[in-house]
Amino acid sequence: MIQVHTKVTDQEQVFVPATICSLLGITPGAVLQWTREGDHVVLRRVGSRSTLEVHKALFPVPEPVGPAMPHAELKQGIRQRIRRRQATG
């Protein structure tokens, strides 16, 4: 059994430790359910997918084609493309 401790903030918020997030597969956007069972509070992840997981499934990130371009070179390329588009109207 794993035991971790956390504090409630002044705004009555609770930090979920990384250990628990890993064990339960909790990611940003996950919905958690708090249930009172006698003198215990039980925390469960609700549903099988978080909003982050759904977003990643709908909008997968393509694999990079090649090495990353230097920042200055990227900015220059953007400027050139904008100029070409403005020139063609």
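Residues numbered from 1 in each chain as written. Predicted model: local features only at pLDDT ≥ 70, side-chain atom pairs only at ≥ 80, totals over all residues. Heavy atoms only, no water.

(A) A look at a nonpolar patch on the surface. A cluster of nonpolar residues, Ile 2, Val 4, Leu 23 and Leu 24, forms a patch on the protein surface that exposes about 350 Å² of accessible area. Along the chain, Leu 24 turns up in helix H1 (residues 18-24). (Patch = residues over 30% accessible without salt bridge, like charges linked within 9 Å, V, L, I, M, F, W, Y side chains within 5 Å. Areas by Shrake-Rupley, 256 points an atom, 1.4 Å probe, with all protein chains shown as cover. Salt bridge = Lys/Arg side-chain N within 4 Å of Asp/Glu carboxyl O. Helix = DSSP H or I, 4+ residues; strand = E, 2+ residues; numbered from the N terminus.)

(B) Seen up close, unusual backbone geometry. Within the chain, Glu 12 stands out as a residue other than glycine whose phi angle is a positive 60°. Inspection of the secondary structure puts Glu 12 in the segment before H1. Glu 12 sits in the exposed class, given a relative accessible area of 69%. (Buried < 20%, exposed > 50% of the residue type's maximum accessible area, 1.4 Å probe, protein only.)

(C) Main features of the pairing of strand E2 (residues 40-46). Note: strand E1 (residues 31-37) against E2, seven bridges, orientation antiparallel. Bridge pairing links Glu 37 to His 40 in E2. Counted along the chain from E1 to the antiparallel partner E2, the turn is two residues long, and its residue Gly 38 has a positive phi close to 65°. (Pairing = 2+ DSSP bridges.)

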